[in-house]
Amino acid sequence: MKALLLILLTQLCSASLVPEKEKDPEYWRRQAQETLRTALRLQRLNQNVAKNLILFLGDGMGVSTVTAARILKGQLQNRKGEESLLEMEKFPYVALAKTYNTNAQVPDSAGTATAYLCGVKANEGTVGVSAGVTRDRCNTTKGQEVTSILRWAKDGGKAVGIVTTTRVTHATPSAAYAHSANRDWYSDGEMPPDALEGGCKDIARQLVENIPDIEVILGGGRKYMFPKNASDVEYPHEDKHRGTRLDRRDLVQAWHNAKPPGKVAKYVWHRRDLLALNLSRVDFLLGESLHPRVPQPQADAWGTPGLNNETDPSLTEMVAVAIRMLQKNPRGFFLLVEGGRIDHGHHEGKAKQALHEAVELDRAIGLAARLTSPQDTLSVVTADHSHVFTFGGYTPRGNPIFGLAPMQSDVDRKPFTSILYGNGPGYKIVAGERENVSAVDFAHANYQAQSAVPLRQETHGGEDVAVFARGPMAHLLHGVHEQNYIPHAMAYAACIGSNRAHCNAAGRPAAAASILLPFLAFLFLLC
């Protein structure tokens, strides 16, 4: 009876769900014609050389996450949500990337990072190495190292930077500078004896040593830089934040020592110090354990335990600092920006956290667009992989994205939320039956959405992910690609890396024209 009443109520209210302007067929025709005019303008391709490159990576930001984040963004603006546009969705070129690892149908973030940063597909769990390396096997690493687009940009004279909401030694950022048979070898304290004896270096050490002139590094993971049991500057009484290094090295000091004489290197861990920097007087910037916060509509903060809005900057704030730092180089820059906690939210089954993280990444994309120009900056937005996250249930227009479907199950006669997971920690049986979600606060930030299969951690999904592109040569990203194609297209656009023959030839037509034009003008006068 309740289900019937709910359906009748939905039908009665359905007319009010449709905005008045959308009832007019001309509204949709005008919209389509404007989209058509925009598409026709894209026939004039932007074939400029990309001075700047920005790669935005939403960790775990599959297509369903993008769509749900779009709706959330609109609803945060007191709109229905479905008609909204994310900043990334304003990019004119869209492709799909196949995410599988060389040894995995459903990938992990390390093998995928090697693909979209180094241009080579790899095995799961390994970073910055070819598929010839077996996970955990240090002795398979030598000679199998592959370089990243960050290295190509640095070798091309550009400034380079990394910004992440996870630790700077995590899978995504580490593939930009490290070569490791195991993504989890953050410091030597996490490495097995045979790997240490085999001469393999931990990822934090490689951050400092492999490419010592990275201009901007902002993220978390400070404890991997300090000697084992060293007290943390921000959390001196918490054991979990103590240093982990067995070699007793202070890698922050090593980072300072590696800088050329006369160059100014700044290390910060507090939001206040980060935003107070006079960037014109800073050559190198390292900010660690900044635990980036995400603005929330709720009064109570959530996310990283111990998160402090006074000390922790947002991703958007960090991106603003990074771009302004890198723009000082007249030859341009490469910047990797990772929204890493989208993935963390999904793994915990906490869709609210994941989607707010996606909206914050999109906010950073919008800021970057305002600070740069598509005439000389190629911006690419993509994901490393998806998650088994979905939303459905015939919800009406404007239904709260974290709300209930307008129906009950016709099997167990219980309501369900629109958002569900294929597997994960949200699987709950109460008195031998599926939990009744109307008895819990399903709108809470820490609510774990129901899942079909019980797992302590929800898993990645295996479907293709979207690639959004804008700027010089963005049209090279189209159709369905292998994920490792992405850095090759970006490098081609910027004339960095190994494929640069077209760059040398690019100036020849213009040079020829400058010689021929006066001659042609003279012939015209004779005629």
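In this text, all values refer to a predicted model and were calculated from it rather than measured experimentally. (Residues numbered from 1 in each chain as written. Predicted model: local features only at pLDDT ≥ 70, side-chain atom pairs only at ≥ 80, totals over all residues. Heavy atoms only, no water.)

A. The UniProt feature "binding site: Zn(2+)" (unreviewed entry) in the chain, seen in detail. This chain's UniProt record puts "binding site: Zn(2+)" (unreviewed entry) on Asp59, Asp343, His347, Asp384, His385 and His460. In three dimensions, the annotated residues from a span of 402 residues occupy one location, with a maximal C-alpha spread of 14.4 Å. As for its position among the elements, Asp59 is in the loop between strand S1 (52–58) and helix H3 (63–76). Those residues in contact with Asp59, other than ones at most four positions away along the chain, are Ser109, Thr172, Glu338, Gly339, Gly340, Ile342, Asp343, Asp384 and His385. By secondary structure assignment, the location of Asp384 is in the loop between strand S8 (377–383) and strand S9 (386–387). When near neighbours in sequence (up to four residues on either side) are disregarded, Asp384 contacts Leu57, Gly58, Asp59, Gly60, Thr99, Ser109, Thr112, Tyr116, Thr172 and Gln483. Reaching out from Asp384, the side chain makes a polar contact with the side chain of Ser109 at a distance of 2.9 Å. (UniProt positions renumbered as here; feature names shortened; annotations may be inferred. Helix = DSSP H or I, 4+ residues; strand = E, 2+ residues; numbered from the N terminus. Contact = heavy atoms within 4.5 Å. Polar contact = N/O pair within 3.5 Å; in protein donor to acceptor, adjacent residues only side chain to side chain.)

B. Spotlight on the sheet that holds strand S16 (residues 451–454). Taken in spatial order, the three strands line up as S10-S13-S16 in an open sheet, and their pairing is mixed. Each edge of the open sheet carries a strand with a single partner, namely strand S10 (389–391) and S16. The mean inter-strand angle of the sheet, taken between neighbouring strand axes irrespective of direction, is 20°. Examined bridge by bridge, S10 and strand S13 (residues 419–424) share three bridges and lie antiparallel to one another. (Pairing = 2+ DSSP bridges. Axes fitted to C-alpha atoms, helices over the stretch in contact; angles between N-to-C directions.)

C. Up close: H3. Look at H3: 20 Å from first C-alpha to last across 14 residues, which is about the 20 Å you get at 1.5 Å a residue. Burial analysis of H3 places 10 of its 14 residues in the buried class, which makes it a mostly covered element. Along H3, the positions that sit buried rather than exposed are Ser64, Thr65, Val66, Ala68, Ala69, Ile71, Leu72, Lys73, Gly74 and Gln75. Packed against the buried residues of H3 are helix H12 (341–347), helix H13 (351–371), S10 and strand S18 (465–470). Looking at the residues trailing H3, positive phi occurs at Asn78, about 60°. (Expected span 1.5 Å × (residues − 1). Buried < 20%, exposed > 50% of the residue type's maximum accessible area, 1.4 Å probe, protein only.)

D. Structural view of the environment of Leu277. Its place among the elements puts Leu277 in the loop between helix H10 (271–276) and strand S6 (284–287). Its relative accessible area of 18% is what places Leu277 among the buried residues. Leu277 sits 44 residues away from Val321 along the chain, and the two C-alpha atoms are 8.9 Å apart. The residues touching Leu277, leaving out its near neighbours within four places in the chain, are Lys266, Val268, Val282 and Leu285.

E. Geometry of the packing of aromatic side chains. In this structure the tally under the stated criterion is three aromatic pairs. Between the aromatic rings of Tyr186 and Tyr224, the centroid separation amounts to 5.1 Å while the plane-to-plane angle is 40°, which identifies the pairing as tilted. Here Tyr186, found in the loop between helix H6 (171–174) and helix H7 (193–197), pairs with Tyr224, found in the loop between strand S4 (216–220) and helix H9 (251–257); they are 38 residues apart in sequence, far enough to count as distant. For the pair shown, Tyr186 and Tyr224 are each scored as buried. Looking at Lys121, its charged tip hangs above the ring of Tyr100, at a distance of 3.5 Å from the centre. Here Lys259 stacks its cationic end above the ring of Phe284, 5.3 Å away from the centre of that ring. (Phe/Tyr/Trp six-rings, centres within 6.5 Å; stacked < 30°, edge-to-face > 60°. Lys NZ or Arg CZ within 6 Å of the ring centre and 35° of its normal.)

F. Examining empty space enclosed by the protein more closely. This structure, assessed with the given rule, holds three cavities of 30 Å³ or more. Empty space within the largest cavity amounts to approximately 90 Å³. If you trace the largest cavity, you find it lined by Lys350, Ala351, Lys352, Phe402, Thr417, Ile419, Phe442, His444, Ala445, Tyr447 and Ala449. Two domains each donate at least three residues to the lining of the largest cavity, and these are domain 1 (46–70 + 88–387 + 468–501) and domain 2 (404–454). Approximately 40 Å³ is the volume attributed to the second largest cavity. Contributing to the lining of the second largest cavity are Ala369, Thr372, Ser373, Pro374, Thr377, Ser379 and Arg470. Of the residues belonging to the lining of the second largest cavity, the class tally is two nonpolar, four polar and one charged. (1 Å grid on protein atoms, 1.4 Å probe; cavity = no way out; pocket = protein on both sides within 12 Å on 5 of 7 lines; lining within 4 Å. Points joined across faces, edges and corners; volume = space filled by probe spheres on them. Domains from an automatic or database assignment. Nonpolar A, V, L, I, M, F, W, Y, C, P; charged D, E, K, R; others polar.)

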